[in-house]
Amino acid sequence: MRLHLSPLDWAIIASYFFVVLGVGYYLKDKMKTSSDFLLTNHSLSHWITGIAFMSANLGALEVLGMTANGAKYGMRTNHWYWTGAIPAMVLLGLFMMRYYYSNGVRSVPEYLRLRYDHRAHALNALSFAIVTILMSGINMFAFAVVFDSILGWPFTVSILVSSGVVLIYTFWGGLSSSIYNEVLQFFLIVGGFLPLSLIGLHEVGGWKGLVARLPAQYLHTWKGMNKPGDPLGVSWWAMVIGMGLVAAPAYWCTDFLLVQRALAARNMDSARKTPLVAAVPKMLFPSIVTLLGLIALAVGPNLVKSDYNLALPMLMGRYYRSGMLGLGLTALLASFMSGMAGNVTAFNTVFTYDLYQTYLVKNRPDSHYLRVAKQCTIWGTLLSAASAYILLGFNDLMDYMQLIAILFISPFFIVFFLGMFWRKPSATAGFWGMVAGVSGATLEYVLYRVHVLKFSSPMASNVWTAVWGFAFGLSVTLVVTFLTKPPHEEQLKGLVYDSSRHEKRTEPWYTSPEFYAAVVLAGYIYLNIKFF
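Bear in mind the structure is a predicted one, so any value in this text is a computation, not a measurement. (Residues numbered from 1 in each chain as written. Predicted model: local features only at pLDDT ≥ 70, side-chain atom pairs only at ≥ 80, totals over all residues. Heavy atoms only, no water.)

**Comments concerning the overall build of the protein chain**
The condition that has to hold: Only DSSP runs of H or I covering at least 4 residues are called helices, and only runs of E covering at least 2 are called strands; the numbering of each starts at the N terminus. Note that the radius of gyration is over C-alpha atoms, with the globule rule given as 2.2 Å times the number of residues to the power 0.38. The cut-offs for exposure are 20% and 50% of the maximum accessible area for each residue type, with area from a 1.4 Å probe on protein chains only; residues under the lower value are buried, those over the upper are exposed, and the others partly exposed. Contacts are residue-level and defined by heavy atoms, with any inter-residue pair within 4.5 Å sufficient. What sets the accessible areas is the Shrake-Rupley method with a 1.4 Å probe; for residues, cover comes only from the shown protein chains.
When helices and strands are counted, the protein chain shows 22 helices and zero strands. Its C-alpha atoms give the protein chain a radius of gyration of 22 Å, near enough to 24 Å, the size a compact globule of 532 residues would have. By its C-alpha atoms, the protein chain is 65 × 55 × 55 Å across when sized along the principal axes. Expressed as a percentage of the 532 residues in the protein chain, the buried residues total 60%. For the protein chain, the proportion of contacts with a sequence separation of at least 24, taken over those separated by at least 6, is 84%. On the protein chain, roughly 20,900 Å² of surface is accessible, and the fraction owed to carbon and sulfur atoms is 66%.

**Topic: the pattern of salt bridges**
The condition that has to hold: What counts as a salt bridge is simple: a side-chain nitrogen of Lys or Arg found within 4 Å of a carboxyl oxygen of Asp or Glu.
Across all of its chains, the model carries nine salt bridges by this definition. Its salt-bridge partner being Asp117, residue Arg119 comes within 2.9 Å of it at the nearest N-O pair. Counted as one network, the salt bridges with shared partners bring together Arg98, Arg272 and Glu514.

**Let's talk about the packing of aromatic side chains**
As a reminder of what qualifies: What counts as a ring pair is set by centres within 6.5 Å for rings of Phe, Tyr and Trp (its six-membered ring), and what kind of pair is set by the plane angle: stacked under 30 degrees, edge-to-face over 60, tilted for all other angles. Throughout this description, the term charge over a ring refers to an Arg CZ or Lys NZ atom that lies within 6 Å of the ring centre and within 35 degrees of the ring normal.
Scanning all chains against the criterion turns up 24 aromatic pairs. Summarising the aromatic geometry, the rings of Tyr16 and Phe17 are spaced 5.9 Å apart at their centres and angled 55° between planes, so their arrangement reads as tilted. Overall, the relative accessible area of 15% leaves Phe17 in the buried class. Look at Phe95 and Tyr497: their rings are 6.5 Å apart centre to centre, the planes differ by 80°, and that puts the pair in the edge-to-face class. One end of the pair, Phe95, is in helix H5 (residues 86-102); the other, Tyr497, is in the loop between helix H21 (458-483) and helix H22 (513-530), with 402 residues separating them in the sequence. Here a set of aromatic residues connected by ring pairs shows up, and it is made of Phe95, Phe413, Phe417, Phe421 and Tyr497. The ring centre of Tyr353 lies 4.0 Å from the NZ or CZ of Arg106, which sits over that ring. Its guanidinium or amino end placed over the ring of Tyr116, Arg115 lies 4.8 Å from that ring's centre, counting from NZ or CZ.

**Considering helix H11 (residues 256-263)**
Using the following cut-off: By the criterion applied in these results, polar contacts are pairs of N or O atoms within 3.5 Å in which, for protein atoms, one can donate a hydrogen and the other can accept it, and in which residues neighboring in sequence qualify only through two side-chain atoms.
H11 sits mainly inside the fold: eight of its eight residues count as buried. All of the buried residues in H11 are Phe256, Leu257, Leu258, Val259, Gln260, Arg261, Ala262 and Leu263. At the N-terminal boundary of H11, the capping side chain belongs to Asp255, with an oxygen 3.1 Å from the backbone nitrogen of Leu257.

**Let's talk about the nonpolar core**
For soluble globular proteins, nonpolar side chains are generally found buried alongside one another. Let me state the cut-off plainly: Here the nonpolar core consists of buried residues drawn from Ala, Val, Leu, Ile, Met, Phe, Trp, Tyr and Cys, with membership extended through side-chain atoms lying within 4.5 Å.
Of all hydrophobic cores here, the largest spans 164 residues; its most connected members are Tyr100 and Phe193. With 18 residues, the single largest contributor to this core is helix H7 (residues 118-151). When near neighbours in sequence (up to four residues on either side) are disregarded, Tyr100 contacts Leu92, Val105, Val108, Tyr111, Cys253, Thr254, Val259, Leu263, Phe416 and Met420. Within the second largest apolar cluster, seven residues are counted, among which are Phe37, Leu38, Leu370 and Ala373.

**So, the environment of Tyr73**
Structurally, the position occupied by Tyr73 is in helix H4 (residues 60-73). A relative accessible area of 4% places Tyr73 in the buried class. Considering only alpha carbons, one finds Tyr73 and Met89, 16 residues apart in sequence, at a separation of 24 Å.

**Considering the packing of helix H1 (residues 7-27) against helix H8 (residues 155-203)**
Put simply, the rule reads: Here the axes come from fitting lines to C-alpha atoms, over the contacting stretch only for helices, and the angles between their N-to-C directions go from 0 to 180 degrees. For classification purposes, an angle smaller than 35 degrees is called roughly parallel, one larger than 145 roughly antiparallel, one from 65 to 115 roughly perpendicular, and anything else oblique. Three classes are used: nonpolar for Ala, Val, Leu, Ile, Met, Phe, Trp, Tyr, Cys and Pro, charged for Asp, Glu, Lys and Arg, and polar for all others, with Gly counted as polar.
Two elements in contact, H1 and H8, have axes separated by 8 Å at closest approach and are oriented at 105°. The orientation of H1 with respect to H8, classified from their angle, is roughly perpendicular. For the contact of H1 with H8, the per-class residue count stands at 16 nonpolar, six polar and no charged.

**Topic: a nonpolar patch on the surface**
The line we're drawing: Two distance rules govern patches: like charges are joined within 9 Å, and nonpolar side chains (Val, Leu, Ile, Met, Phe, Trp, Tyr) within 5 Å, applied only to residues with over 30% relative accessible area and no salt bridge.
Where nonpolar side chains cluster on the molecular surface, the patch consists of Trp236, Trp237, Ile241 and Leu245 and spans about 450 Å² of accessible area. Counting through the fold element by element, Trp236 comes out in helix H10 (residues 236-254).

**Describing the packing of H11 against helix H16 (residues 324-360)**
Axis separation between H11 and H16 bottoms out at 9 Å; the angle between their running directions is 80°. In terms of orientation, H11 and H16 fall into the roughly perpendicular class. On H16, the residues that touch Phe256, Leu257, Gln260 and Arg261 of H11 are Gly342, Asn343, Thr345, Ala346, Thr349 and Val350. Looking at the contact of H11 with H16 residue by residue, the classes come out as four nonpolar, five polar and one charged.

By themselves these figures say nothing about function.
This is the structure in structure tokens:
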């Protein structure tokens, strides 16, 4: 479906490109060290890093895909914003960020090198470098497909435009440029799509009118799970275990793309508050994506059911006119750029520090690693653009994305968690636990694809994939832990939880990360009860 843009719409889109490139240009002379370029030299407040943390999660598939899921699965989509996010973000803020930030790690894989050894570190760093390239390619591919269907842009032109803009402003301003633009992109996304929710809700007669148009099973987050007519087809306990206890912590607590934003904070308190600040808009985002999906299903069921990915473009074409259409498309553009830039800046950090400096070329001046980081930005963007063409051979974008997450993100969490909260796991246990987690997740995925395992929806299979990876990783880590000698106590100092160590605070209690976490958890409980 093609949308026709007015000169005002094109002016809004052009202004967005001008601003993001301007931010990068403004910052380029401030990038004097590799830490400035890759880590912002720990200079940002938790309000900035918190919004950037949330915005880095708002890639192309987040906005388009979750709106499509809202139409396909109804209020069940809320699980990915509440149980599938909030407890894990609180865990990261209250506990795990302590060990990342206090040990001065420059990346998440670097923690594994300190806690275990080079095997776990190299495996995680290499796998994460690969996943950032592929995920950035997904954003570029989705950008090209959407803007081809909406505006008629050729596929290659879209790839060149998106990759070119991201390359320029990340090459100039590094992580700082990415973070400041992510803050801008967050407000663009909210400003571009929240009015669409309000306009659509008004047309269908408000919340009561929307409820009257839709089947009851689409209107509850928990009620009726896995019963006849459930659009998702997952039981509540499988969701709690697979999503809440396994997949969500793996993503929110160990994905360096997100944790990198917290590591950019100016001190420990700000680093711990970063995911807690981000949790507030994360909880409220269903008021945009889930609601838009439900509205699309109510006003255009035939078109939406033929292709759920058309839910958001259909609503934009239906409700937006000159000016607002340009703002909405700019918000969509911002979501793509956010995903691309976030993955590119994570890639250049992991490659430069975790692979190049640690294993390939050691003990060079910092200026050398700054040059390498900038070269990585170029190569990372080019490889991302090339990986976008891989998706031309896939019929289902979500299947491809889930395959990447299964192999490269979810299986590693249990090794991180046990390493932070238990002193006995050895380096060998950590490494083989990671290998087993990847193997278990891959086995479940293969069995599902060859129809040995059957589920009511691909999303249900994804939940169980996380469970398999967790179970295999946990089992092997425990077995090898008891078959090998634990590490020396001196090696674990500051790397593992110690209940005897208490921090003294001089700031007011209501500024503490614990208070932020209490507010977030109260909101999480209220929303689950309200929309049960």
